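# Structural features, examined
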Amino acid sequence: MYRIEKDSLGQKEIPADALYGIHAARARENFPDTSPFHIEWYKAVGITKHACYNTYRKFRDAAIAKYGDKLSIKIIPDEIIDAMCEAAREVSEGRHFEHFIVPGVQGGAGTSINMNVNEIIANAALLKTGNKCGSYDKIDPTEYSNIYQSTNDVIPTALTVAAMKQLLDLEIWINDLRLRVEDLEKNSLNKLRPGFTQMQEAVPSSFSMLFGAYSDALSRDWWRVSKCSERLKPVNLGGGAIGTGLAVPRFFITRVVPELRDLTKLPLAHSESLADATSNLDKWVEVHAILKALAVNLEKMVSDMRLLASDVAVEKSIIIPEKQVGSSIMPGKINPVIPEFVISSSHKVYSNDNLVSSLCGQGCLELNAYLPVIGNAVIESIKLLTASCKTAGINLFTGLKVNDSSGYYSLLKSPAITTALTPHIGYHKAATLAKLMKEKKIDIFDANNSINVIEKTKLNDILKPGNLLKLGFSLSDL
């Protein structure tokens, strides 16, 4: 069964029990895309509208108290406000999402998002008050669900709420990963390995230094992400279409953000310039750049793990956990699927960063029409990075084993070890020793026995793990 809905363009059949209406139906026809809209943003629209209804009620009560029967504006009764508040709470919990039919990629600056949610709230409220869906003479999606709101302030504010909540989860998983990497650092003290530059053996290093460098990078990432809320917290809610507050009560403008702050428990703030917050989206460029930096660090560390654990390395320096059968034709093959997932996710973030930057620059005069795609990309990046940190911590760095005996043995056979001798015998003698090691494929002790460039006891002392890992040398070491 169907109901008939009308707008200024004509009329349309809508399924009788659908909570969406003609605006969402037109959007689905106009944007035949299948990319899903993020439920986190949908929920955030619900709680933003709930804040608007609470603020409207306070404005209405204050206006009635002051003007009584002389009040000239239309009043929404408590029964309807209560029903809309309940419907908005349900949206904020993710309910009725099956009636949200607008795709992630769309035109219109978010009007389709706003109207789809307005229709869901109106129709859910109609059912709660004993009416049928589509009875807009009683609860209208525009005049009631959208009271004192604009797409241009509600939808970007809701995006800020969604992103700030997601970033809290990302912070948790960055720190979780950092702690797991830090455990490897602590458990790898004095476990030597060759250090590499340009994929060539360079100088002695340790597994502890390797994991410690990752831990330091993750600490910076955590700090940067934790500061994102400072960049994001100014919102333009109450600013109306372009931030001028036209047709919006001043009471509503000043009270709606504190109301939303109370509902979300997030450090939201009224932007000092609602027009600026409406027309300029550079805060998303800045925040996404921070996300990109995290993606870079994640790719670097898991790429290192994949390389050191690969069959390309004759003697593997590390053994990563076996998580998944790797082939349908090659028995026993295990692939490094966790690093591959993280690397793939990082490159998706890089692509999103280009999209966010370029489309934020496409803002025109008072508004940016591309907010839906920008927001979709931002939330996708946060979710991908959260998943990457989570799986890297649980499925890669937990259970990872260091082959420290192989690492030290490899180091003694590596010409890189001769760098430790240069303060004692000079560059040229050390180079002669390194060349002999490489040509005869022998370790440093056998090479020194052949040409005797340094006294054996001195050599043994220099090559002690603790001495190799000192920061520089002092005169007493010579």
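Residues numbered from 1 in each chain as written. Predicted model: local features only at pLDDT ≥ 70, side-chain atom pairs only at ≥ 80, totals over all residues. Heavy atoms only, no water.

## Things to note about the overall build of the chain
Per the secondary structure count, the chain includes 18 helices and eight strands. Here the chain has a C-alpha radius of gyration of 31 Å; the compact-globule value for 478 residues is 23 Å, and the former is much larger. Along the three orthogonal principal directions, the C-alpha set of the chain runs to about 105 × 55 × 35 Å. Counting the 478 residues in the chain, one finds 51% classified as buried. (Helix = DSSP H or I, 4+ residues; strand = E, 2+ residues; numbered from the N terminus. Rg over C-alpha atoms; globule rule 2.2 N^0.38 Å. Buried < 20%, exposed > 50% of the residue type's maximum accessible area, 1.4 Å probe, protein only.)

## Concerning a nonpolar patch on the surface
Together, Ile64, Ile73 and Ile75 line one region of the surface with nonpolar side chains, adding up to about 200 Å² of accessible area. By the element assignment, Ile73 lies in the loop between α2 (39-67) and α3 (78-92). (Patch = residues over 30% accessible without salt bridge, like charges linked within 9 Å, V, L, I, M, F, W, Y side chains within 5 Å. Areas by Shrake-Rupley, 256 points an atom, 1.4 Å probe, with all protein chains shown as cover. Salt bridge = Lys/Arg side-chain N within 4 Å of Asp/Glu carboxyl O.)

## Quick notes on empty space enclosed by the protein
If you walk through the whole model with that rule in mind, you get two cavities of 30 Å³ or more. What lines the largest cavity is Ala109, Asn152, Pro156, Ala277, Thr278, Leu281, Leu367, Asn368 and Leu371. Split by residue class, the lining of the largest cavity holds six nonpolar, three polar and no charged. Every residue along the wall of the second largest cavity is listed here: Ile320, Pro321, Lys323, Asn335, Pro336, Val337, Ile338, Pro339, Asn395 and Leu396. Of all elements in the fold, only α11 (337-360) and α12 (371-397) reach the threshold of two or more residues within the lining of the second largest cavity. (1 Å grid on protein atoms, 1.4 Å probe; cavity = no way out; pocket = protein on both sides within 12 Å on 5 of 7 lines; lining within 4 Å. Points joined across faces, edges and corners; volume = space filled by probe spheres on them. Nonpolar A, V, L, I, M, F, W, Y, C, P; charged D, E, K, R; others polar.)

## Section: helix α15 (residues 427-440)
With 14 residues, α15 should reach 20 Å at 1.5 Å per residue; the first-to-last C-alpha distance of 20 Å fits that figure. Taken as a whole, α15 has its buried residues at Ala430, Leu433, Ala434, Leu436 and Met437. The buried residues of α15 occupy one face: seen down the axis, they fall within an arc of 160°. Of the residues in α15, the exposed ones pointing more than 90 degrees away from the buried face are Tyr427, His428, Lys435, Lys438 and Glu439. (Expected span 1.5 Å × (residues − 1). Arc of directions from axis to C-beta.)

## A word on unusual backbone geometry
A positive phi is found at Ala109, a non-glycine position, where the angle reads about 65°. Of note, Ala109 is situated in the loop between α3 and α4 (111-128). Here Ala109 falls in the buried class, since its relative accessible area comes to 8%. Not every positive phi belongs to a glycine, and Tyr148 is a case in point at roughly 55°. Tracing the backbone through its elements, the reader meets Tyr148 in the loop between α4 and α5 (151-186).

## Comments concerning the nonpolar core
By size, the foremost hydrophobic cluster in this structure holds 113 residues, and its most contacted members are Leu170, Phe211, Trp284, Met305 and Phe397. The element best represented in this core is α5, accounting for 14 residues. Dropping the residues within four chain positions of it, Trp284 is found in contact with Leu159, Thr160, Ala163, Leu232, Val356, Cys360, Ile374 and Val378. Ranked by size, the runner-up nonpolar core spans 19 residues in total, among them Ile417, Ala430, Ile444 and Ala447. (Core = buried A, V, L, I, M, F, W, Y, C linked by side-chain atoms within 4.5 Å. Contact = heavy atoms within 4.5 Å.)

## Some remarks on the pattern of salt bridges
Counted by the stated rule, this structure contains 25 salt bridges. Asp304 is the partner of Lys300 in a salt bridge, and the nearest nitrogen-oxygen pair spans 2.5 Å. Remark: Asp304 and Lys300 occur in helix α10 (residues 282-308); sequence separation between them is four residues, near one turn of the helix. When its relative accessible area of 46% is taken as the criterion, Lys300 is described as partly exposed. Relative accessible area serves as the criterion here: at 18%, Asp304 is assigned to the buried category. With a shortest N-O distance of 3.0 Å, Asp311 and Lys316 are connected by a salt bridge. Classification of Asp311 as exposed rests on a relative accessible area of 68%.

## Some thoughts on the pairing of strand β3 (residues 192-197)
Sheet analysis places β3 next to strand β4 (residues 200-206), joined by five bridges and oriented antiparallel. Along β4, the bridge assignment pairs Arg193 with Ser205. Taking the residues that link successive antiparallel strands as the turn, the β3-β4 hairpin has two residues, and the phi of Gln198 there is positive, at about 55°. (Pairing = 2+ DSSP bridges.)

## Concerning the packing of aromatic side chains
Scanning the model with the defined rule gives 10 aromatic pairs in all. Here the aromatic rings of Tyr56 and Tyr148 are separated by 5.9 Å at their centres, their planes lie at 45°, and the arrangement is tilted. Here Tyr56, found in helix α2, pairs with Tyr148, found in the loop between α4 and α5; they are 92 residues apart in sequence, far enough to count as distant. Judged by relative accessible area, Tyr148 falls into the buried class, the value being 18%. A connected cluster of aromatic rings, assembled from ring pairs, spans Phe37, Trp41, Tyr42, Phe97 and Phe100. Its end group placed over the ring of Phe207, Arg193 keeps NZ or CZ at 5.9 Å from the ring centre. (Phe/Tyr/Trp six-rings, centres within 6.5 Å; stacked < 30°, edge-to-face > 60°. Lys NZ or Arg CZ within 6 Å of the ring centre and 35° of its normal.)

## Some thoughts on the packing of α10 against α11
It is the contact of α10 with α11, at a shortest axis distance of 9 Å, that shows an interaxial angle of 160°. Viewed along their axes, α10 and α11 adopt a mutual orientation that is roughly antiparallel. Crossing hand, α10 versus α11: left-handed. Taken together, the residues of the contact of α10 with α11 break down into 15 nonpolar, six polar and five charged. (Axes fitted to C-alpha atoms, helices over the stretch in contact; angles between N-to-C directions. Parallel < 35°, antiparallel > 145°, perpendicular 65-115°, else oblique. Left-handed = near helix turned anticlockwise from the far one by under 90°.)

## Brief notes about the packing of α4 against α5
In contact at an axis separation of 9 Å, α4 and α5 are set at 90° when each is read in the N-to-C sense. Taken as axis vectors, α4 and α5 run roughly perpendicular relative to one another. Counted together, Thr111, Ile113 and Asn114 of α4 and Thr151, Val154 and Ile155 of α5 form the full contact between these two elements.

## Overview of the side chain of Gln166
Summarising the element assignment, Gln166 is placed in helix α5. The class for Gln166 is buried, based on a relative accessible area of 13%. Apart from the residues lying within four places of it in its own chain, the contact partners of Gln166 are Glu40, Ile382, Lys383 and Thr386.

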